[in-house]
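# A closer look at the structure
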Amino acid sequence: MESPRVDAELLLAAVLGVSRGRLFVVDEVADEDAARFAALLDQRADRVPLQHLTGRAAFRFLDLAVGPGVFVPRPETEQLAGWALERLAGADAPVVVDLGAGSGALALSIAHEHPAAQVIAVERDPGAIEWTRHNAAFRAAAGDTPVEVVAGDMTDPGLLWGHDGDVDLVVSNPPYVPDGARVPREVADHDPPLALWGGPDGLDVVRGLLATAARLLRPGGWLGIEHADQQGGSLPALVRAHGGFADVEDHPDLAGRPRFTTARRT
Ligand SMILES: C[S@@+](CC[C@H](N)C(=O)[O-])C[C@H]1O[C@@H](n2cnc3c(N)ncnc32)[C@H](O)[C@@H]1O
């Protein structure tokens, strides 16, 4: 395991219903809690993702429900959300579309941190969209601006047709893993296939996404797409080749690896 001690502490904290930081004040663990903890450790050792065992994933300021059937949001994607929020700073009532919403990490963070935004979350997978809806309802009940959740395919030429040309920002963390690439067991066995695989070069869904984004965005509207480490050249090239975007730029993550491409609709 990459971080066995941290994982074990987080699992024990989840069993006891305390924060990890409060574990040091716990004097005693009841037998049934110890048994539950041991069972969770076994599952984690068997590569069940930590977030599936605790049922929660932290993303920026949010604590999202996750589990079987939905992609666990990754820390790298927080930077794409940050970039989107910087673009929206000061905007009155911007329309924002998240293509491939999963847990709702991007859409719900944008609604939370830019309450004036009208955010639409699109998800195709019937299993995943249950989690999108659940988290969206939870955040709305907590007082965030409600996010509209739409069942749809980001490559569908008719998707959100009523919004053609009026969207200010499209953000997406699409499936981008090239077919056949080796991924850790946690990912292969527990993230939904629709969230991962993107065809021979990983960019099949992105090609359709670009057409949708170009149709939805107003002139001057922004596009941000996350990608794999190896796509820091190919994805910007694809966006440039589309012809409908300017200011195409690629951005590294905190580890310095190419992570997302941004562009502006001409
Ligand atoms: C890598 S996950 C990202 C989920 C979430 N946005 C995040 O950053 O954690 C990609 C998501 O896109 C969804 N998806 C895949 N293909 C899609 C399509 N053609 N249209 C809409 N959603 C799609 C998957 O079901 C999955 O939830």
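In this report, we go over the structure that sits alongside the text. Once a new chain begins, its residue numbering starts again from 1 and follows that chain's sequence as written. Where local features are concerned, this predicted model is filtered to residues with pLDDT of at least 70; where side-chain atom pairs are given and counted, the filter is 80 or more; whole-chain, interface and lining totals use all residues. Values shown for side chains rest on all heavy atoms present in the structure; no hydrogens or waters enter the calculation.

What follows is about the pairing of strand 6 (residues 167-172). Note on classification: 1.4 Å probe, protein chains only; a residue is buried when its accessible area is under 20% of the maximum for its type, exposed when over 50%, partly exposed between these limits. Each helix corresponds to a stretch of at least 4 residues labelled H or I by DSSP, and each strand to a stretch of at least 2 residues labelled E; elements are numbered beginning at the N terminus. Across the 6 residues of strand 6, 6 count as buried, placing the element largely inside the fold. Sheet topology note: the strand 3 (residues 95-99)/strand 6 ladder contains 4 bridges and is parallel. In the sheet register, Leu-99 faces strand 6, and the bridge partner there is Ser-172. Each pair of strands is called paired provided DSSP finds at least two bridges between the two strands. Where strand 6 meets strand 7 (residues 217-226), 5 bridges bridge the pair, whose relative direction is parallel. Each residue of the ladder has a partner; that of Ser-172, found in strand 7, is Ile-225.

Turning our attention to the packing of aromatic side chains. The aromatic pairing rule takes the rings of Phe, Tyr and Trp, using the six-membered ring of Trp, and pairs them if the centres are within 6.5 Å, calling planes under 30 degrees apart stacked, those over 60 edge-to-face and the rest tilted. The tally for this structure, following the rule as stated, stands at 2 aromatic pairs. When the ring of Trp-83 is compared with that of Trp-222, the centres are 6.0 Å apart and the planes differ by 85°; the resulting orientation is edge-to-face. Linking Trp-83 in helix 4 (residues 77-88) with Trp-222 in strand 7, this pair joins segments that are 139 residues apart in sequence. Note on Trp-83: relative accessible area 5%, which makes it buried. Connected via pairs of aromatic rings, a cluster forms that spans Trp-83, Trp-222 and Phe-260. In this scheme, Lys NZ or Arg CZ marks a charge over a ring once it lies within 6 Å of the ring centre and within 35 degrees of the ring normal. Here the basic side chain of Arg-265 rests over the ring of Phe-245, its NZ or CZ set 5.9 Å away from the ring centre.

An order of 5-4-3-6-7-9-8 is seen for the 7 strands of this open sheet, with the pairing classed as mixed. Each end of this open sheet is capped by a strand with a single partner; those strands are strand 5 (148-151) and strand 8 (245-252). Across the sheet, the axes of successive neighbouring strands diverge by a mean angle of 15°, strand direction being ignored. Pairing geometry for strand 4 (residues 118-123) and strand 5, over 4 bridges, is parallel. Within strand 5, the residue paired with Ile-120 across the bridge is Glu-148. Residues count as neighbours in contact if any of their non-hydrogen atoms are within 4.5 Å of one another. Lines fitted to C-alpha atoms define the axes, with helix axes restricted to the stretch in contact, and inter-axis angles between N-to-C directions lie between 0 and 180 degrees. Helix 9 (residues 204-216) rests against strand 3, strand 6, strand 7, strand 8 and strand 9 (258-265) of the sheet, and its axis sits at about 155° to strand 7. Contacts from helix 10 (residues 234-242) reach strand 7, strand 8 and strand 9, with the element oriented near 175° to strand 8.

Axis separation between helix 4 and helix 5 (residues 105-113) bottoms out at 10 Å; the angle between their running directions is 40°. Relative to helix 5, the element helix 4 lies oblique. Between helix 4 and helix 5 lies a crossing of right-handed hand. Across from Thr-77, Leu-80, Ala-81, Ala-84, Leu-85 and Leu-88 in helix 4, the residues of helix 5 making contact are Leu-106, Ser-109, Ile-110 and Glu-113. Here the residues of the contact of helix 4 with helix 5 are counted per class, giving 7 nonpolar, 2 polar and 1 charged. Angular relationships are summarised with four words: roughly parallel below 35 degrees, roughly antiparallel beyond 145, roughly perpendicular across 65 to 115, and oblique for the angles in between. It is the rotation of the near helix from the far one that decides the hand of a crossing: anticlockwise by less than a right angle makes it left-handed, clockwise makes it right-handed. Residues are sorted three ways: Asp, Glu, Lys and Arg are charged, Ala, Val, Leu, Ile, Met, Phe, Trp, Tyr, Cys and Pro are nonpolar, and all the rest, Gly among them, are polar.

This paragraph deals with the environment of Pro-236. Within the fold, Pro-236 resides in helix 10. Residue Pro-236 is classed as buried on the basis of its relative accessible area of 4%. Counting along the chain gives 220 residues from Pro-236 to Leu-16, while the straight-line C-alpha distance between them is 47 Å. Those residues in contact with Pro-236 that lie beyond four places of it in its chain are Gln-231, Val-248, Asp-250 and Thr-261.

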